[in-house]
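Residue-level listing of the chains:
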Amino acid sequence: MKSPSQTNAIDFDSAKLQRLGFGQLPPLLERPANLAQLRQQMSLQLQTSLEPQRILGLFFREVQRLVPLDALSYVHSASDLRLEFGARGHHSVSYSLSHEGEHLGELVFRRNQRFSEQDQGNLESLLSSLLFPMRNALLYRAATQSALRDPLTGTGNRIAMEQTLQREIDMSRRHLQPLSVLMLDIDHFKRVNDSHGHSAGDDVLKAVAASIKGQLRNVDMVFRYGGEEFLILLCNTGREAAAMVGERLRHAAQAAQYFADGQLIDLTVSLGCSSLLPGESADSLLRRADSALYVAKREGRNRLAMAG
């Protein structure tokens, strides 16, 4: 029978960490002899990386020297970070991590045997070595994401798009999976700026971006391609499925309500769609989507056109 999860809040300040023995650390040990040595050894290992996945992977591996585990999962909603290691177990114990009021995520340990009080005490002691490395990793992740994010719409910027598109093309070829892109343009956007000002135009851009993201899967990605253009990258999605997504985005954008100076603005979008061809480059894939978008606008706007 599955036991209910137990939630604990871990909120250590610097003084408490000093009392736990995080001042001067002894040299790294080959095999820890006890809890204190394992905690000290882990504190050194976990500070060698700023990648959350590597830090938690090391933590998961090292904890099992003292407390056997089947799985570990981690969620930090603010940075949209979700990581899982191992297989699910029947029993779980969960912890809310925080430092000086700063939320650092939710951590869940799982295994098929119940967790004893001693097991939980050991886990809580070992968690103290995770707080500073995870806080630094989350700060680094936030800074990196900020550099790759459009500040107005919250979508990826052109730098992020170029990096991501080439990576997804390589993965598509390696795993023999389809890949499609949608180029979306807001129809007559210049009229919004001319009639209501750039502040209203910014509000429309943010609203359209939110509408797009609300219609997509977690694995799909949105980038601001130009002034009023967005690129949507659809992983493992072929031509027909991409056309369906494009039509869903078009209808959602048209159904949304946009206001400027208290007035309702009628707004539509046009889209061009292309799917990756064998041996095709990223530039070619984008050019074909852009050409299809041009066809959609030339034929009257508020429609989706497919690349040949």
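Procedures and definitions
Residues numbered from 1 in each chain as written. Predicted model: local features only at pLDDT ≥ 70, side-chain atom pairs only at ≥ 80, totals over all residues. Heavy atoms only, no water. UniProt positions renumbered as here; feature names shortened; annotations may be inferred. Helix = DSSP H or I, 4+ residues; strand = E, 2+ residues; numbered from the N terminus. Buried < 20%, exposed > 50% of the residue type's maximum accessible area, 1.4 Å probe, protein only. Areas by Shrake-Rupley, 256 points an atom, 1.4 Å probe, with all protein chains shown as cover. Pairing = 2+ DSSP bridges. Axes fitted to C-alpha atoms, helices over the stretch in contact; angles between N-to-C directions. Phe/Tyr/Trp six-rings, centres within 6.5 Å; stacked < 30°, edge-to-face > 60°. Lys NZ or Arg CZ within 6 Å of the ring centre and 35° of its normal. Parallel < 35°, antiparallel > 145°, perpendicular 65-115°, else oblique. Contact = heavy atoms within 4.5 Å. Nonpolar A, V, L, I, M, F, W, Y, C, P; charged D, E, K, R; others polar. Right-handed = clockwise from strand over helix to strand, strands pointing away. 1 Å grid on protein atoms, 1.4 Å probe; cavity = no way out; pocket = protein on both sides within 12 Å on 5 of 7 lines; lining within 4 Å. Points joined across faces, edges and corners; volume = space filled by probe spheres on them. Expected span 1.5 Å × (residues − 1).

As annotated in an unreviewed UniProt entry, the chain carries the name diguanylate cyclase and is attributed to Pseudomonas koreensis. Per UniProt, the chain carries the Catalytic activity (unreviewed entry) text "2 GTP = 3',3'-c-di-GMP + 2 diphosphate".

1. Remarks on the overall build of the chain
Assigned secondary structure in the chain consists of ten helices and twelve strands. Within the span of the chain, comprising 308 residues, buried residues form 48% of the whole. Accessible surface for the chain amounts to roughly 16000 Å². Of this, 49% is attributable to carbon and sulfur atoms.

2. Observations regarding the sheet that holds strand β8 (residues 229–235)
With mixed pairing, the five strands of this open sheet are ordered in space as β7-β8-β6-β11-β12. Since the sheet does not close on itself, it has two edges, and those belong to β7 (221–224) and β12 (304–306), each with one partner. Recorded for the sheet is a direction-independent mean angle of 20° between the axes of neighbouring strands. As paired strands, strand β6 (residues 179–186) and strand β11 (residues 269–275) are joined by seven bridges and run antiparallel to one another.

3. Focus: the packing of aromatic side chains
Counting across every chain of the model gives three aromatic pairs. Residues Phe-59 and Phe-109 carry aromatic rings whose centres are separated by 6.3 Å and whose planes lie at 45° to one another, so their mutual orientation is tilted. Placement of the pair is Phe-59 in helix α3 (residues 52–63) and Phe-109 in strand β5 (residues 102–111), with a sequence separation of 50 residues. Overall, the relative accessible area of 0% leaves Phe-59 in the buried class. Classification of Phe-109 by relative accessible area gives buried; the value is 0%. Relative to Phe-109, the ring of Tyr-95 has its centre 6.0 Å away and its plane inclined at 75°; by these criteria the two rings are edge-to-face. With Tyr-95 in strand β4 (residues 91–99) and Phe-109 in strand β5, this residue pair connects regions lying 14 residues apart in the sequence. Exposure remark for Tyr-95: the relative accessible area of 0% places this residue in the buried category. Counting every residue linked through ring pairs, the aromatic cluster contains Phe-59, Tyr-95 and Phe-109. The ring of Phe-115 has Arg-111 lying over it, and the distance from NZ or CZ to the ring centre is 4.4 Å.

4. Observations regarding the packing of helix α7 (residues 189–196) against helix α8 (residues 198–214)
Relative to each other, α7 and α8 sit at 140°, their axes nearing to 7 Å. Looking at the two axes, α7 sits oblique to α8. Note on element contacts: α8 touches α7 through His-198, Ala-200, Gly-201, Val-204 and Leu-205, opposite Phe-189, Val-192, Asn-193 and His-196. By residue class, the composition of the contact of α7 with α8 is five nonpolar, four polar and no charged.

5. Brief notes about the pairing of β11
Most of β11 is tucked away, with seven of its seven residues classed as buried. Where burial is concerned, the two faces of β11 agree: the one with Val-269, Leu-271, Cys-273 and Ser-275 and the one with Ser-270, Gly-272 and Ser-274 are both buried. Pairing between β11 and β12: three bridges, direction parallel. Each residue of the ladder has a partner; that of Gly-272, found in β12, is Ala-305. Taken together, β11, helix α10 (residues 282–298) and β12 constitute a β-α-β crossover, and its handedness is left-handed.

6. Re the layout of surface pockets
Approximately 1200 Å³ is the volume attributed to the largest pocket. Taken together, 32 residues make up the lining of the largest pocket; nearest its centre are Asp-80, Arg-141, Gln-145, Arg-149 and Met-221. Secondary structure elements with two or more residues in the lining of the largest pocket: α3, β3 (81–86), α5 (131–147), α6 (158–175) and β7. Considering every element that reaches the lining of the largest pocket, the biggest residue donor is α6, with five residues.

7. Remarks on the pairing of β5
For β5, the tally of buried residues reaches seven of ten residues, placing the bulk of the element in the interior. Bridging between strand β2 (residues 71–76) and β5 involves five bridges; their strand directions are antiparallel. Of the residues in β5, the one forming a bridge with Val-75 is Glu-106. In this sheet, β5 lies alongside β4 in antiparallel orientation, the contact comprising nine bridges. Bridge pairing links Ser-92 to Arg-110 in β5.

8. Some thoughts on helix α9 (residues 239–255)
Between its first and last C-alpha atoms α9 spans 24 Å; for 17 residues at 1.5 Å apiece the expected length is 24 Å, and the two agree. Next to the buried residues of α9 lie β6, α8, β8, β9 (258–260), β11 and β12.

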